[in-house]
Amino acid sequence: MSQISVQPVAYEVDGVSFEGQLVFDASSSVQRPGLLMAPNWMGVSQGALDVARQVAGHGYVVLVADLYGKDVRPNGPDQAGAAMMPLKNDRALLRKRMQAAFKTLQAQAGKAPLDTTKLASFGFCFGGCCALELARDGAQLAAAVSFHGTLDTPNPADAKNIKGAVLVLDGASDPLVPRDSLPAFAKEMTDAGVDWALTSYGGAVHSFTDPHAQVPGMMQYD
């Protein structure tokens, strides 16, 4: 029987303290692929940990990235927006924090049965944007996966830095991801020769993977 362990992992970026959460099956010593999970705009929340536990149960070592700092845990959409927007508007800073979290994941081989040759990133909403930006920044990822994340980037040419495959899962009726960003993303990936795929689910809106999303027509579980 699996025994899912959740352990806080402290690290620093520019003198600021961050605390991610390492999630893995402690009942097995078999090396597992590692996944850096970028949570939605609520950051390191109970919902994010629930997802990480589920994923870890399928045979992965997961680090839930802390993108805001140890002392920033949003309580509601206003606080989440205030924490998220400075990073959305400063992609260099966003990438720096994602790279720090990725290096922290790589350093967990002593704590968890982690295969550091098999690493990928995935994220939800804002986290989807983060996973894509980490790939664009040249991280050694086998794959980057975005669930209902925004696709725009200030430097599309950076797609040439992507090492692995890219998968985007999109709600075809998502009002928060501009529809014209899909062909722009396709061109960006194709021009850079990336192994990419994009699936749009008909009728789905934003946050379609989140059971707690209950804003009809905007953010809704599907």
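Bear in mind the structure is a predicted one, so any value in this text is a computation, not a measurement.

## Let's talk about the pattern of salt bridges
Part 1 of the reasoning: According to the stated counting rule, one finds 13 salt bridges in the structure shown.
Part 2 of the reasoning: The partner of K96 in a salt bridge is D14, with the nearest N and O atoms 2.9 Å apart. Taken together, the residues K96 in helix α3 (residues 91-106) and D14 in the loop between β1 (4-13) and β2 (16-25) connect sequence positions 82 residues apart.
Part 3 of the reasoning: A relative accessible area of 42% places K96 in the partly exposed class.
Part 4 of the reasoning: D191 is the partner of K187 in a salt bridge, and the nearest nitrogen-oxygen pair spans 2.6 Å. Taken together, the positions of K187 and D191, both in helix α5 (residues 181-191) and 4 residues apart, correspond to about one turn of that helix. In this structure, K187 and D191 share a single accessibility class: exposed.
Part 5 of the reasoning: A cluster of three or more residues bridged by salt bridges with shared partners is formed by R91, R95, E133, R136, D137, D152, D158 and E188.

## With respect to the packing of α3 against helix α4 (residues 126-136)
Helix-helix packing is described using two parameters, namely the angle between the two axes and the distance between the axes.
Part 1 of the reasoning: At their nearest, the axes of α3 and α4 sit 9 Å apart, and the two run at 80° to each other. One finds that α3 runs roughly perpendicular with respect to α4. For the pair formed by α3 and α4, the contact residues are R91, L94, R95, M98, Q99 and F102 on the first element and F126, C129, C130, A131, E133, L134 and R136 on the second.
Part 2 of the reasoning: For the contact of α3 with α4, the class distribution of residues is 8 nonpolar, 1 polar and 4 charged.

## Overview of the side chain of R32
Part 1 of the reasoning: Tracing the backbone shows R32 in strand β3 (residues 32-38).
Part 2 of the reasoning: Buried within the structure, R32 lacks any salt-bridge partner; its nearest side chain of opposite charge belongs to D25, at an N-O separation of 4.4 Å.
Part 3 of the reasoning: Within polar-contact distance, the side chain of R32 engages the side chain of S28 at 3.1 Å.
Part 4 of the reasoning: Residues contacting R32, with those up to four places away along its chain left out, are D25, G59, Y60, V61, P113, L114 and D115.

## As for a nonpolar patch on the surface
Part 1 of the reasoning: On the surface, L176, V215 and M218 cluster together into a nonpolar patch covering about 220 Å² of accessible area.
Part 2 of the reasoning: Note that L176 resides in the loop between β7 (165-171) and α5.

## Considering the environment of P156
Part 1 of the reasoning: Its place among the elements puts P156 in the loop between β6 (143-147) and β7.
Part 2 of the reasoning: The spacing of P156 and G57 is 99 residues in sequence and 35 Å in space, taken between C-alpha atoms.

## Let's talk about the nonpolar core
Part 1 of the reasoning: Within the largest apolar cluster, 44 residues are counted, with the highest numbers of intra-cluster contacts made by L36, L67, M98, F102, F126 and V166.
Part 2 of the reasoning: Those residues in contact with F126 that sit more than four places away from it in its chain are P39, N40, W41, L67, Y68, M84, L87, K88 and L94.
Part 3 of the reasoning: One finds V55, F122, F147 and A204 within the second-largest nonpolar core, a separate group that totals 19 residues.

## As for the side chain of D170
Part 1 of the reasoning: If you trace the backbone, D170 turns up in strand β7.
Part 2 of the reasoning: There is a polar contact of 2.7 Å between the side chain of D170 and the side chain of S200.
Part 3 of the reasoning: Once residues lying within four places of it in the same chain are set aside, the contact partners of D170 are V177, R179, L182, T199, S200, Y201 and F208.

Criteria and thresholds
Residues numbered from 1 in each chain as written. Predicted model: local features only at pLDDT ≥ 70, side-chain atom pairs only at ≥ 80, totals over all residues. Heavy atoms only, no water. Salt bridge = Lys/Arg side-chain N within 4 Å of Asp/Glu carboxyl O. Helix = DSSP H or I, 4+ residues; strand = E, 2+ residues; numbered from the N terminus. Buried < 20%, exposed > 50% of the residue type's maximum accessible area, 1.4 Å probe, protein only. Axes fitted to C-alpha atoms, helices over the stretch in contact; angles between N-to-C directions. Parallel < 35°, antiparallel > 145°, perpendicular 65-115°, else oblique. Contact = heavy atoms within 4.5 Å. Nonpolar A, V, L, I, M, F, W, Y, C, P; charged D, E, K, R; others polar. Lys, Arg positive; Asp, Glu negative; His and termini not counted. Polar contact = N/O pair within 3.5 Å; in protein donor to acceptor, adjacent residues only side chain to side chain. Patch = residues over 30% accessible without salt bridge, like charges linked within 9 Å, V, L, I, M, F, W, Y side chains within 5 Å. Areas by Shrake-Rupley, 256 points an atom, 1.4 Å probe, with all protein chains shown as cover. Core = buried A, V, L, I, M, F, W, Y, C linked by side-chain atoms within 4.5 Å.

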